[in-house]
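Close look at the chain arrangement
Spelled out from the first residue to the last, the chains are:
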Amino acid sequence: MNAQPVNIPSLNDIASAARRIRNVVRRTPVIQVAAGELDVPVPVILKLEFLQHTGSFKVRGASNALALLRAAERGAPTAGVCCASGGNHGAAVAWAAREAGLPATVFVPDFSPKSKTDIIESLGARLCRVQGFYADALAASQDHARHEGAFHIDAFDAPQTVAGQGTLGLELAEQVPEGQPVLVGCGGGGLYAGVALALDGRNRVTAAEPSSAPSLTAALDAGKPVDVEVGGIALDSLGARRAGRIATAVGLSLGMKTLTVTDEGIAAARALLWQRLRIVAEPGGATALAALLAHPEHFRDGATIVVSGANTAPGSSIGC
């Protein structure tokens with residue numbers, strides 16, 4: 001797929017990340033939902049990862065990356081850290097940097113919602129809005145790192161980030177039955193790659209993508225990451241124009257096929273989580289459930305759904 005080798009974290013890397021951040025991140029709970037309660041005829045387990053610090057799984061990868069940085073630097077990097085984000089990764093980096101006593105600069109596309117940028121700024125990070133999409137914010141963050149000497153914490157395509165996200169998979173290995181399929185929402189693919197690596201040989205992990213931002217779907221079809229047009233209601237969290245090299249390599253090696261869902265399906269899944277369980281999920285956080293609702297034929301004995309984020313304004317429409 002690419003002449004340059006892809007550095008894929010091992011299961012040992014993920015286990016090391018779990019030890020490294022065990023006193024930092026929360027072990028989030030799961031709940032069992034009876035067949036029929038979420039409009040599918042099978043039982044469902046929900047992993048409530050939106051209860052994580054800053055409201056999404058992103059703290060796992062950011063904390064692991066920052067811990068490894070500090071170990072390599074034998075202390076605190078004086079120039080601080082930076083990142084690009086649609087919102088959730090930026091909040092996670094801001095939180096991890098604050099905990100470490102470091103300055104953080106977060107670059108976001110100009111469409112990033114106020115509900116997320118407010119969190120970033122409340123955590124003490126410097127917020128920089130960039131015209132365009134996530135890729136434009138990424139270029140700005142990488143440029144800042146080169147010129148200012150800051151450490152760039154990648155949102156989804158660095159081994160240390162993927163290993164951190166994989167700690168969620170290690171938790172699932174202790175919380176859900178062996179063999180039960182797991183569904184995760186997917187943008188750049190860091191969560192998918194980490195969880196799939198952690199559960200390889202135990203549980204099949206499927207990435208759910210908006211049909212309006214099918215970056216991993218396109219990458220698997222092409223055999224390598226390719227640019228796609230992105231849009232839709234989950235753009236701020238699942239709107240990577242190009243899937244990560246790590247996620248693409250993992251998906252190809254496991255023979256994984258993605259499931260795509262419409263914006264209408266994502267909105268319906270959000271409404272269902274609220275109406276039946278009083279869970280307020282952001283669109284990206286409800287995409288995995290939307291895939292189960294749209295493709296129940298793939299999950300005849302039940303599924304585990306990762307509700308990955310809940311950073312949405314209280315007054316935003318969730319169909320209630």
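None of these values were measured; they are calculated from a predicted model. (Residues numbered from 1 in each chain as written. Predicted model: local features only at pLDDT ≥ 70, side-chain atom pairs only at ≥ 80, totals over all residues. Heavy atoms only, no water.)

Next up on the list: the state of the cysteines. In total, this model carries zero disulfides according to the counting rule given. Between Cys83, a cysteine without a disulfide, and Cys82, which holds the nearest cysteine sulfur, the sulfur-to-sulfur distance is 7.2 Å. Judged by its relative accessible area of 0%, Cys83 is buried. (Disulfide = S-S within 2.5 Å. Buried < 20%, exposed > 50% of the residue type's maximum accessible area, 1.4 Å probe, protein only.)

To continue, consider the pattern of salt bridges. For the structure on display, the rule yields eleven salt bridges. One salt bridge in this structure joins Arg60 and Glu49, with 2.8 Å as the shortest N-O distance. With Arg60 in helix H2 (residues 58-73) and Glu49 in the loop between strand E2 (44-47) and H2, the pair connects residues that are eleven residues apart, well separated along the chain. By relative accessible area, which is 0% here, Glu49 ends up buried. Taking the shortest distance from any N to any O, the salt bridge between Glu99 and Arg98 comes out at 3.6 Å. Given the relative accessible area of 44%, Arg98 is considered partly exposed. (Salt bridge = Lys/Arg side-chain N within 4 Å of Asp/Glu carboxyl O. Helix = DSSP H or I, 4+ residues; strand = E, 2+ residues; numbered from the N terminus.)

Attention now moves to helix H11 (residues 263-277). For H11, built from 15 residues, the straight-helix expectation of 21 Å at 1.5 Å per residue is met to within 8% by its first-to-last C-alpha distance of 21 Å. Buried residues along H11 sit against E2, strand E8 (205-210), strand E9 (259-261) and helix H12 (283-294). Among the residues trailing H11, Arg278 stands out with phi positive, at a value near 55°. (Expected span 1.5 Å × (residues − 1). Contact = heavy atoms within 4.5 Å.)

Backbone geometry at Asp39 places phi at a positive 65°, although glycine is not the residue there. Along the chain, Asp39 turns up in the loop between strand E1 (30-33) and E2. If you check the backbone angles, Arg278 has positive phi at about 55° while not being a glycine. Following the sequence through the fold, Arg278 ends up in the loop between H11 and H12. The exposed category is assigned to Arg278, whose relative accessible area is 54%.

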